[in-house]
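Here is what each chain is made of, one letter per residue.
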Amino acid sequence: MIPFVDLKAQYASIRDEVDEAIGRVLESCEFTLGREVAEFEREFADYCGSAHGIGVNTGTSALHLALLAADIGPGDEVITVPFTFVATVSAIVYTRATPVFVDIDPRTFTIDPARIEAAITPRTRAIIPVHLYGHPADMDPILDIARRHGLLVIEDAAQAHGAEYKGRRTGSLGDMACFSFYPGKNLGAYGEGGMVVTGNESYARTIRMLRDWGAERKYHHVLKGYNYRLEALQAAILRVKLGYLEAWTEARRAAADRYDNALEGCQVEMPVAAEWARHVYHVYAIRCRNRSAYRDALASCGVHTGIHYPVPVHLLPAFADLGYVRSAFPESERAAEEVLSLPMFPELTSEQSERVARALREFEDAERLAHIRRVRAGESPALLTGTA
Ligand SMILES: *Cc1c(COP(=O)(O)O)cnc(C)c1O
């Protein structure tokens, strides 16, 4: 069996350090915020090449507070993509601003800068590009549009720890950036976690208050805040893991290279990395027509796959009130129908990635043979139009 992700293998490789870090927090009895959180904030902001990090309880909270710090609320519009995890859009809705969708570039699965200006209105306040799958959005044109229209840019970097755009890390590209440390993310806690990273001291100060009941100091609540604090245990574990993030990222990139080579000549489309991108392969998503047949065939060989994401947000029942219809965002809709995520984690061995590729090739070969048989039997036109 080849799992989609293997968190156990990673824990095994760092067990002693993690157990030591957990012990340290338990001894300190400082369970929420405190020294471990402050150190992790400094270390992670540093890693991103940014000045301030504010640890919070989830990536969703990071997005929510970034929007609030920018004073975004009712009557405002925030531009993002429908092809993302639902949290990006939910965070906008939490502030009672209106999400406005822009379709993706089919090559990178990230916001298509050429379509942004048509979506801008006098109410638009911010753009949230999502660095989906670990591939950075094309930031220069986005930042240029934002500058010309006086908009903020908040990166949704929940899937893109360590990804780079023209040599600069995500987290340092926009006005603020939001990370998730959900266990399955490239830098994952053993529980929940998130962070806002920003170069802007005033945003940092506001977010620091908002995550802890809006208090300037204890019991002096100057803002209506939230209980969005990061736990010290998670921070201590994340500090250990941050030390390995670069090595793990390189291992993901090597695994992606092995897939690229092994799938050469297959009918599926492999993911591409733009010239300016350091892709960190949170997800290695191929595109295939007839996805469910591929998925079943791989499953029958013990290969677990995922779909990120099967329904674009504008077509989810929960967001029907936004009033979007099918075919509004053709690239997002086509991606939702075609993407299939292959097993991807730093510990994926060459033997495992080869088995995945072999299972996929064998399925395509079998489909080809079945097609030839149908043609011979006169049941199908001779033109080979792809599997099934
Ligand atoms: C995971 C994720 C989030 C939310 O992070 P949580 O920590 O799960 O709240 C937001 N946006 C994207 C693109 C994500 O993948």
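The coordinates are above.
Numbering of residues begins from 1 in every chain and follows the order in which that chain's sequence is written. This being a predicted model, a pLDDT of at least 70 is required before a residue's local features are given, and a value of 80 or more before pairs of side-chain atoms are given or counted; all residues contribute to the totals for chains, interfaces and linings. Hydrogens and water molecules were not included; the side-chain quantities draw on all heavy atoms of the structure.

Engineer: Just give me the short version of the overall build of the protein, but keep the residues and values in it.
Structural biologist: Elements are defined by DSSP. Helices are runs of H or I of four residues or more, strands are runs of E of two residues or more, and each kind is numbered from the N terminus. The secondary structure content of the protein amounts to eleven helices and 16 strands. Its C-alpha atoms give the protein a radius of gyration of 22 Å, near enough to 21 Å, the size a compact globule of 388 residues would have. Each residue is assigned to one of three classes by its accessible area relative to the maximum for its type, calculated with a 1.4 Å probe on protein chains only: buried under 20%, partly exposed between the two thresholds, exposed over 50%. Buried residues in the protein amount to 54% of all 388 residues. By definition, residues are in contact when any of their heavy atoms lie within 4.5 Å. Taking contacts inside the protein between residues at least 6 apart in sequence as the whole, the part at least 24 apart equals 70%. Throughout, the Shrake-Rupley method with a 1.4 Å probe supplies accessible areas, and for residues the shown protein chains are the sole cover considered. Of the accessible surface of the protein, which amounts to about 16,700 Å², a share of 51% is contributed by carbon and sulfur atoms. For the purpose of counting charges, residues Lys and Arg are taken to be positive, whereas Asp and Glu are taken to be negative. His and the chain ends are not included. Here the site of a charge means atom NZ of a Lys, CZ of an Arg, CG of an Asp or CD of a Glu. Computed over 42 positive and 52 negative side-chain charges, the inter-centroid distance for the protein is 2 Å. Our radius of gyration is a C-alpha quantity, and the globule rule it is checked against amounts to 2.2 Å times the number of residues to the power 0.38.

Engineer: Kindly report on the layout of surface pockets, identifying the contributing residues and their values.
Structural biologist: Space inside and on the surface of the protein is sampled on a 1 Å grid over the protein atoms alone, with a cavity defined as a set of points where a 1.4 Å probe fits but cannot get out and a pocket as an open set with protein on both sides within 12 Å along at least 5 of 7 lines; lining residues have an atom within 4 Å of a point. Grid points are joined across faces, edges and corners, and a volume is the space filled by probe spheres set on the points. Computed from the structure, the largest pocket encloses a volume of approximately 510 Å³. Considering the residues around the largest pocket, the lining is formed by 26 residues, among which F85, S180, Y182, K185 and Y309 are closest to the centre. Put simply, the parts of the chain that give the lining of the largest pocket at least two residues each are α3 (59–69), α4 (86–94) and β10 (176–180). It is α3 that contributes the most residues to the lining of the largest pocket, three residues altogether. Think of it as three bins: nonpolar holds Ala, Val, Leu, Ile, Met, Phe, Trp, Tyr, Cys and Pro, charged holds Asp, Glu, Lys and Arg, and polar takes everything else, Gly as well. Residues belonging to the lining of the largest pocket are distributed by class as follows: twelve nonpolar, eleven polar and three charged.

Engineer: Any chance you could break down the sheet that holds strand β3 (residues 98–101) for me, citing the residues and the numbers?
Structural biologist: Overall, mixed pairing links the seven strands, which are arranged β1-β11-β10-β7-β6-β2-β3 in an open sheet. Only two strands of the sheet have a single neighbouring strand rather than two, namely β1 (52–56) and β3. Going across the sheet, the axis of each strand differs from the next one's by a mean of 25°, ignoring polarity. Strand pairing is assigned whenever DSSP identifies at least 2 bridges connecting the two strands. Pairing analysis gives three bridges linking strand β7 (residues 152–156) to β10, with the strands arranged parallel. Bridge pairing in β10 links E155 to A177. Under this scheme, a helix contributes an axis fitted over its contacting stretch, all axes are lines through C-alpha atoms, and angles between N-to-C directions fall in the 0 to 180 degree range. The sheet strands contacting α3 are β1, β2 (77–80), β7, β10 and β11 (194–198), and the helix crosses β10 at an angle near 165°.

Engineer: So what's going on with the site of the ligand? Residues and values would help.
Structural biologist: As a matter of local geometry, the ligand sits amid 15 residues, with G59, T60, Q159, S180 and K185 nearest to it. Residue G59 places a main-chain N or O atom 2.8 Å away from an oxygen atom belonging to the ligand. Between the ligand and K185, the relevant distance is 3.1 Å, taken from an oxygen atom to a side-chain nitrogen or oxygen of the residue. In the complex, the protein chains occlude 93% of the 380 Å² of accessible area that the ligand would expose alone. Throughout, a molecule is located in a cavity or pocket provided that more than half of its atoms lie within 2 Å of its grid points. The pocket occupied by the ligand, as judged from atoms lying within 2 Å of grid points, is the largest pocket. It suffices for a single heavy atom of a residue to lie within 4 Å of a molecule or strand for the residue to be listed as near it. Any pair of N or O atoms that falls within 3.5 Å is considered a polar contact. Within protein, one atom must be able to donate a hydrogen and the other to accept it, and sequence-neighbouring residues count only if both atoms are side-chain atoms.

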